[in-house]
Amino acid sequence: MRQIAIYGKGGIGKSTVASNLSMAFRERGLEVMQVGCDPKRDSTRTLTGGRMIPTVLETLRDQLRLGRDQSAISLEDIVFAGEGGVRCVESGGPEPGVGCAGRGVLTALQILKDLKAFDTYGTDVVIYDILGDVVCGGFAQPIREGFAREIYLLCSGAFMSLYAANNIAKGVRRLSRRGETGLAGVIGNSGGQEEFERDLLSQFAQAIGTSLIDVIPFSPVIRACEVKGRTVLQHSPNSPEADAFRHLAEMLLANQSRVIPTPVEEVEDLERLYRSRLDLYAAAGESP
Amino acid sequence: MATERVTNAAAAARCHDPYLRCALYGAAQTALGVRGCCVLSHSPQGCFQLVDAAFGWQDADYTETLTLCTKLCEDEIVHGGEGVLARTILEARELDVRLMFVVTACGPEIVGDDIMAVCQDLQPEVEFPLVPILCAGFRGDQNRGIEIALEAMLEHLVPEEGGFRVPRSVCLVAPHANSNPTWMGDLAWVREVLAAMGATVVATLAHDTAPEDFEKVPMAEGCLVLSHDAGQGAADLLAERYGVEQWCRDLPLPIGFSNTASWLRELGRRLGAEAVAEGMIARGEATVVERCRRKGLEQSPLHRTPAAIVADATVGVPLLRFLAEDLEVVPTLVCLRSGQADAQAMLEREIASLGVSPTVIRDADVYAAKKALGEARPEMVFGSNVERHAVEELGIPFVFRIVNPLSRFRMVDRAYFGYEGMLNLIEVMRNDWLDRYRSRHRRYRARW
Ligand code: SF4
């Protein structure tokens, strides 16, 4: 079973990429489960026709209130069939500003494990879509507990996305020493300056000890699908955008690389790297 | 120089278990010192056990004191526990609650429960005053918890305006911050002394304190901190906010001949009762000398023996002079479980004035104390049950168990303070000395 985690800065498009990847894997006949690890619970929205599915923590809470515990939860309560047969799970979490979402994510994953969710459905690929940055130990749990094996960093051409990805790489470095988990690569989600972004992200990936796997082009089609609550592969299956996700899925399946990352230690060095690519494009008369 | 031999064994905020528990325990100890109160522990059930332990330390009356717990589980850690806290406070309306302290453990504070806001929001809905105390264990040890709780009490229960000052009146602070297992005996002795000198105790923070006593705190002329481990922060606050002067601040607490005499004289001076003080000193000293003479203890059997003190500062600092001056031992190590700056400065003054040169360790945990004992190799240790076990492999023959933890049940609150207290201390030492001397398993290895 392939266990893929997509990490990246908040708002960078992790859910969109994860959902389309799920669909692309599904097209290849694989059993796929997508697990949203974000209290916002919107990771699988485009796989469920824009519907928000009940979360694991919500379900657990309902049981606790009835005086029961997690043993009262069954897989049917928390795993939902999405488009094309992708199985969808949302960890859920607290309201903003209260409680510990990290602990919640871990609890939800533990319940999936206890219920033998992956074996039961004969899952070939699990995709974890993980909230923004590694903000606390709780969000590192999918790695620490061995749920996620292949970590992908989703980046755009914005400096802050690199900064966040570099921080995540630091977390991955700390956690991947002990097991089979490792950084598998960088995925680009273009903001419209694809050539610049491809170059920048290749350099960045190299700097942290991995490689750029692919870049999803910027496209209004992808945005439109998001708004409609559909994946691109369902909404516009013959579009070049759909092919881009299919290509990415192929690259991911072929990629066997797992490394302990070598994150850039000082933010100044990261800035220098970014500026050098920026200057190169400015000199070439292009304005990224 | 004594200061060169001082080691700070740990950061001040650390919990030195098993010598000291966490801040939640100290805060609960303090809150449970208020008569008829309700202590609501916003915590998992495990932490709540500390509230039970504090209940025992204060000898709180179970017929009128309530302890409640929100029993937090994973759900409240994930989603926050403000809801269950609010529900518990509201449900307490059905109980007979006069005053409620809400103490918090690590979990809810880490996940960001806003206890202050919950209490503030619910105050109009309940008839009893709510006093939130943020005392999660990560904030420090039990002494820190005592300081936090005292500050919260002063903040929430003591009126800002003091009104008039009651002449010759005293507020007693932190009597419970004392590892002396019979600290209530010490407190009783202090009260007796004050009564004999014509002083009134307006409030005790906190032991068997009536809720209405808080109103009287600003009326006090002076305050006495009955601990060298905690309470100084509250005394500073009393001075700053209400002009209540701290008495006997630079003096070790009254353990042993010299300390008791100095302390009584200073108190007598403050209260215009010098003659009373001198009378107490004369009578007290005569009693101790006479009693020792009759029991055949004119000569200290501990004479010129290298000794270590491993105790809290409340007992440990004054004990140094008693041992060095009165019992004529040679202190080679002073290991204190806390590190309050005032107590540290006092200890250094004591060391300089006694002309002794022990190694000093402050903020010591068991490991630090054992290591220091292993290096100092004294012939006897004035400490607790912990040292009794810790020194077994070091071959130190005598451990006098004078401070907590002790495996001895006591029904009578005898003191270490004052003259009877001195006899009590001598009695404890004598019994432990005889125990070891008579042991069939552990051979008599001291040089006497
Ligand atoms: S340290 Fe924290 S978790 Fe431990 S007992 Fe104290 S309050 Fe509870």
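Notes on the structure follow.

About the criteria used
- Residues numbered from 1 in each chain as written.
- Chains lettered and ligands numbered in written order.
- Predicted model: local features only at pLDDT ≥ 70, side-chain atom pairs only at ≥ 80, totals over all residues.
- Heavy atoms only, no water.
- Helix = DSSP H or I, 4+ residues; strand = E, 2+ residues; numbered from the N terminus.
- Rg over C-alpha atoms; globule rule 2.2 N^0.38 Å.
- Buried < 20%, exposed > 50% of the residue type's maximum accessible area, 1.4 Å probe, protein only.
- Contact = heavy atoms within 4.5 Å.
- Lys, Arg positive; Asp, Glu negative; His and termini not counted.
- Charge placed at Lys NZ, Arg CZ, Asp CG, Glu CD.
- Expected span 1.5 Å × (residues − 1).
- Arc of directions from axis to C-beta.
- 1 Å grid on protein atoms, 1.4 Å probe; cavity = no way out; pocket = protein on both sides within 12 Å on 5 of 7 lines; lining within 4 Å.
- Points joined across faces, edges and corners; volume = space filled by probe spheres on them.
- Axes fitted to C-alpha atoms, helices over the stretch in contact; angles between N-to-C directions.
- Parallel < 35°, antiparallel > 145°, perpendicular 65-115°, else oblique.
- Left-handed = near helix turned anticlockwise from the far one by under 90°.
- Nonpolar A, V, L, I, M, F, W, Y, C, P; charged D, E, K, R; others polar.
- Pairing = 2+ DSSP bridges.
- Core = buried A, V, L, I, M, F, W, Y, C linked by side-chain atoms within 4.5 Å.

### Brief notes about the overall build of chain A
A tally of regular secondary structure across chain A gives 12 helices and 8 strands. Computed over C-alpha atoms, the radius of gyration of chain A comes to 19 Å, within 12% of the 19 Å expected from 2.2 N^0.38 for 288 residues, which places it in the range of a compact globule. Judged by the C-alpha coordinates and their principal axes, chain A covers about 65 × 40 × 35 Å. Expressed as a percentage of its 288 residues, the buried residues of chain A come to 53%. A sequence separation of at least 24 residues applies to 79% of the contacts in chain A between residues at least 6 apart. Charge-centre separation for chain A: the mean point of 32 positive side chains lies 4 Å from the mean point of 36 negative side chains.

### What about helix 13 (residues 341-354) of chain B?
Residues and elements named next belong to chain B. Given a rise of 1.5 Å per residue, 14 residues ought to cover 20 Å, and the 20 Å separating the end C-alpha atoms of helix 13 matches this to within 8%. Taken together, the buried positions of helix 13 are occupied by Ala 343, Gln 344, Met 346, Leu 347, Glu 350, Ile 351 and Leu 354. The arc that holds the buried residues of helix 13, viewed along the axis, is 160 degrees, so those residues lie on one side. Those residues of helix 13 that are exposed and angled more than 90 degrees off the buried face are Ala 341 and Ala 352. Directly beyond the C-terminal end of helix 13, a positive phi value near 70 degrees is found at Gly 355.

### Details of empty space enclosed by the protein
Residue and element names in this part refer to chain B. A full pass over the atoms with the stated rule returns 3 cavities of 30 Å³ or more. Taken as a whole, the largest cavity spans an internal volume of roughly 110 Å³. What lines the largest cavity is a set of 16 residues, among which Val 225, Ser 227, His 228, Gln 246 and Arg 249 lie closest to the centre. Per-element tally for the lining of the largest cavity: the top contributor is helix 13, with 3 residues.

### Here's the deal with the packing of helix 7 (residues 159-176) of chain A against helix 12 (residues 267-283) of chain A
All names here are of chain A. Here helix 7 crosses helix 12 at 140 degrees, and the two axes come no closer than 11 Å. The angle between the axes of helix 7 and helix 12 places the two elements in the oblique class. Seen along the crossing, helix 7 lies across helix 12 with a hand that is right-handed. On helix 12, the residues that touch Phe 159, Leu 162, Tyr 163 and Asn 166 of helix 7 are Val 267, Leu 270, Glu 271 and Tyr 274. Residue composition of the contact of helix 7 with helix 12, grouped by class: 6 nonpolar, 1 polar and 1 charged.

### A short note on the sheet that holds strand 9 (residues 245-246) of chain B
Residues and elements named next belong to chain B. Here we have 4 strands laid out as an open sheet, ordered 7-6-8-9, and parallel in their pairing. Taken across any chain shown, the strands that pair with only one partner, and hence form the sheet edges, are strand 7 (200-205) and strand 9. As defined by bridge partners, strand 6 (residues 169-173) adjoins strand 8 (residues 222-225) across 4 bridges and the pair is classed as parallel. When the bridges of strand 8 are listed, Cys 171 appears paired with Cys 223. Of the strands in this sheet, strand 6, strand 7 and strand 8 touch helix 8 (residues 183-196), which is tilted by about 170 degrees from strand 6.

### Points about the nonpolar core
Soluble globular proteins tend to pack their nonpolar side chains together in the buried interior. Counting 122 residues, the largest nonpolar core has Phe 101 and Leu 224 of chain B as its most contacted members. Core analysis: the second largest hydrophobic core is formed by 56 residues, Leu 57, Ile 78, Ala 165 and Val 264 of chain A among them.

### Quick word on the sheet that holds strand 5 (residues 125-130) of chain A
Residues and elements named next belong to chain A. Pairing is mixed across the open sheet formed by 8 strands, whose spatial order is 3-4-2-5-1-6-7-8. Taken across any chain shown, the strands that pair with only one partner, and hence form the sheet edges, are strand 3 (80-81) and strand 8 (212-216). Relative to strand 7 (residues 182-189), strand 6 (residues 150-155) is paired through 6 bridges, and the arrangement is parallel. Each residue of the ladder has a partner; that of Leu 153, found in strand 7, is Val 186. Packing of helix 8 (residues 194-207) onto the sheet brings it into contact with strand 6, strand 7 and strand 8, and relative to strand 8 it is tilted by some 155 degrees. On the sheet, helix 11 (residues 240-254) packs against strand 1 (2-8), strand 6, strand 7 and strand 8 and is oriented at approximately 170 degrees with respect to strand 8.

### Some words on the packing of helix 8 of chain B against helix 10 (residues 257-271) of chain B
Packed helix pairs are characterised by how far apart their axes lie and by the angle those axes make with each other. All names here are of chain B. One way to put it is that helix 8 packs onto helix 10 with a least axis distance of 11 Å and a crossing angle of 40 degrees. With respect to each other, helix 8 and helix 10 are oriented oblique. Between helix 8 and helix 10 the crossing geometry is right-handed. Contact with helix 8, carried on its side by Trp 189, Val 190, Val 193 and Leu 194, involves Thr 260, Trp 263, Leu 264, Leu 267 and Leu 271 of helix 10 and no other residues of that element.

Bear in mind that shape data such as this cannot, by itself, settle questions of function.
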